[in-house]
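Working through the structure, step by step
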Protein chains: 2
Amino acid sequence: MNIILAEAAEVVDSQLTLSDYRAEHIVKVLKSEIGDRLRVGIINGMRGFGTISALQKKFPFSASVNLELSESPGTLPPLDLILALPRPIMLKRILSQVTALGVGTIHLVNANRVEKSFWEAGLLQPQEYRPHLLHGLEQAVDTRMPEIRLHPKFKPFIEDFCPSLVGDYHYLLLADPKGEHRLVDVVGEKTGRILLAAGPEGGWVPYEVQKFREQGFFCCTIGERILKVDTAIIALHASITALRQRR
Amino acid sequence: MNIILAEAAEVVDSQLTLSDYRAEHIVKVLKSEIGDRLRVGIINGMRGFGTISALQKKFPFSASVNLELSESPGTLPPLDLILALPRPIMLKRILSQVTALGVGTIHLVNANRVEKSFWEAGLLQPQEYRPHLLHGLEQAVDTRMPEIRLHPKFKPFIEDFCPSLVGDYHYLLLADPKGEHRLVDVVGEKTGRILLAAGPEGGWVPYEVQKFREQGFFCCTIGERILKVDTAIIALHASITALRQRR
């Protein structure tokens, strides 16, 4: 945890009082004392520092922190994600890792090779997935929570929802190890937002690829090596970020 | 498992007989029949296909496969890694993920912020870490096993071992979110090997950074966001790979 994050409603008169895992982190990991300064941010709000004004170092842990929040939230990450719903254990890791890397919206969609049972996972409830997003923000010292949208049916997603979405993006990329374009040949230094679609284990089926093509997506590859979805998402995010920074 | 991998010693007269998790995979996941062709490779050897000549579909599973191996192993990946020893659970994941991405040698080194107990992990025994490397190869359809080298003392590693190592590389990169160079400004299309050093959670201490600098390493960043080591390694590997493909 590289920043203590709090809801706006938890702050009263510039004072934040903690009595949960954050207080425990301050006591046991940071080993803070009264008067110490910490990185603090408000979820979807300002960032800055806090000075500890009271501390209960024994269980039940608690801490009071006086806030000075003067930094605006970071800019909206330029990348949004369409992700064929992965199995829950993998989704957890992906949510915190892509949040740490920076992502605007994550669209979780159905696909032919997505197991139906994945849609019944408790993890798809906001109160269940939100801690994993928070974990990514706490890691990366960010306050901007990604938006999660669920699309349990592929056809309405691609035919009805996508057309209203794609106009917002400069790049529409479909990741595919056998894609006919190298990512490096497609992504340039242009500004503008990127929408990246990544398939399930086993890949998109040809019908799905065709549907994405009809919406203007380019089939791109970062190489022929077949990667697990969690590895592939990070590798794609990092490759796109690096290629856009080129001079 | 996108390729069945076997030791050279397991092959007799171009025939491979399996009775372990690989036979189970052929029966239960691939649902293969006699006559089906599979991707097969020899560890640190050739790749190609195999045709199933016998199959025991009930426990204990077994399969016999006639091999036609005509593809040379892939080229040696251009990247080697120096990694401050991570905690075992993270090391497992890193080993299989970087093997899937492609790596030549992984040097696991001590650092000030590496917990001493990590060096006692059973995972550092070849018979314990090898399955995780194998897992990465099976994922990426590769046969070339990365080499693992352990360096439990930092000073002899950096002062005595590194000087003999660094001459082999065109790029010597030390990853650091606060590095003074952007990775994108340092890594060009040049060929030649890359040695990438990634620190522990909390980063290298200044003494360690200074020692790497003395060996000719450049302190590079892919951005200010602080990432967990497993996320950072994949992101760095992918960024470097993308930047070297530029035209």
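Okay, so let's go over this structure. Quick caveat, the model's predicted, so the values are computed rather than measured.

Parameters and conventions
- Residues numbered from 1 in each chain as written.
- Chains lettered and ligands numbered in written order.
- Predicted model: local features only at pLDDT ≥ 70, side-chain atom pairs only at ≥ 80, totals over all residues.
- Heavy atoms only, no water.
- Contact = heavy atoms within 4.5 Å.
- Buried area = accessible area lost by both parts, 1.4 Å probe.
- Salt bridge = Lys/Arg side-chain N within 4 Å of Asp/Glu carboxyl O.
- Polar contact = N/O pair within 3.5 Å; in protein donor to acceptor, adjacent residues only side chain to side chain.
- Helix = DSSP H or I, 4+ residues; strand = E, 2+ residues; numbered from the N terminus.
- Nonpolar A, V, L, I, M, F, W, Y, C, P; charged D, E, K, R; others polar.
- Pairing = 2+ DSSP bridges.
- Axes fitted to C-alpha atoms, helices over the stretch in contact; angles between N-to-C directions.
- Phe/Tyr/Trp six-rings, centres within 6.5 Å; stacked < 30°, edge-to-face > 60°.
- Buried < 20%, exposed > 50% of the residue type's maximum accessible area, 1.4 Å probe, protein only.
- Lys NZ or Arg CZ within 6 Å of the ring centre and 35° of its normal.

**Some words on the interface of chain B and chain A**
Taken together, the contact pairs 31 residues of chain B with 31 residues of chain A. Roughly 2,700 Å² of surface becomes buried between chain B and chain A when both sides are summed, with 54% attributable to carbon and sulfur atoms. For chain B, the biggest contributors to the area lost against chain A are Gln139, Arg225 and Ile226 of chain B; these three give 22% of the whole. For the pair chain B and chain A, the number of links is two salt bridges. Close ionic contact of Arg225 of chain A with Asp142 of chain B constitutes a salt bridge, the shortest N to O distance being 2.9 Å. Taken together, the links from chain B to chain A amount to 16 residue pairs in polar contact (both at pLDDT 80 or more). Only α2 (88–101), α3 (126–140), α5 (183–186) and α7 (229–244) of chain B provide two or more residues apiece to the side of chain B that touches chain A. Top contributing element to the side of chain B that touches chain A by residue count: α7 of chain B, with eight residues. Its residues placed into classes, the side of chain B that touches chain A shows 13 nonpolar, nine polar and nine charged.

**A look at the sheet that holds strand β1 (residues 4–6) of chain B**
All names here are of chain B. Sheet architecture is open: six strands sit in the order β1-β4-β5-β6-β3-β2, paired in mixed fashion. Of all strands in the sheet, those with a lone pairing partner are β1 and β2 (11–12), marking the two edges. Across four bridges, the pairing between strand β3 (residues 15–18) and strand β6 (residues 62–71) is antiparallel. Paired with Gln15 across the two strands is Asn66, which belongs to β6. Across the sheet, helix α1 (residues 21–29) lies against β1, β3, β4 (37–42), β5 (47–56) and β6, angled at about 160 degrees from β1, the strand it touches most.

**Overview of the pairing of β5 of chain B**
All names here are of chain B. Where β4 lies against β5, five bridges are found, and the strand directions are antiparallel. In the strand pairing of β5, Arg37 is matched with Thr51. Between β4 and β5, which pair antiparallel in sequence order, lie four residues; one of them, Asn44, sits at a positive phi of approximately 60 degrees. For β5 and β6, the ladder comprises nine bridges, and the chain directions are antiparallel. Bridge assignment links Gly50 to a residue of β6, and that residue is Leu67. Where β5 hands over to β6, the hairpin turn is made up of five residues, counted between the paired strands.

**Digging into the sheet that holds strand β10 (residues 169–175) of chain A**
All names here are of chain A. If you walk across this open sheet you meet the seven strands as β9-β8-β7-β12-β10-β13-β11, and the pairing is parallel. A single partner strand is all that each edge strand has here, and the edge strands are β9 (147–151) and β11 (181–182). The pairing of strand β7 (residues 79–84) with strand β12 (residues 193–198) spans five bridges and is parallel. For Asp80, the partnering residue across the bridge sits in β12 and is Leu195.

**Some points on the packing of aromatic side chains**
All names here are of chain A. Overall, the coordinates contain 14 aromatic pairs over all chains when judged by the stated rule. Pairing Phe59 with Phe61 gives two aromatic rings, centres 6.0 Å apart and planes at 90 degrees, and the pair type is edge-to-face. Overall, Phe61 belongs to the buried group, its relative accessible area being 13%. Among the aromatic residues, those joined into a ring-pair cluster are Phe154, Trp204, Tyr207, Phe212 and Phe217. Over the ring of Phe49 we find Arg39; its NZ or CZ atom is 5.0 Å from the centre of that ring.

On their own, these measurements won't tell you what the molecule is for.
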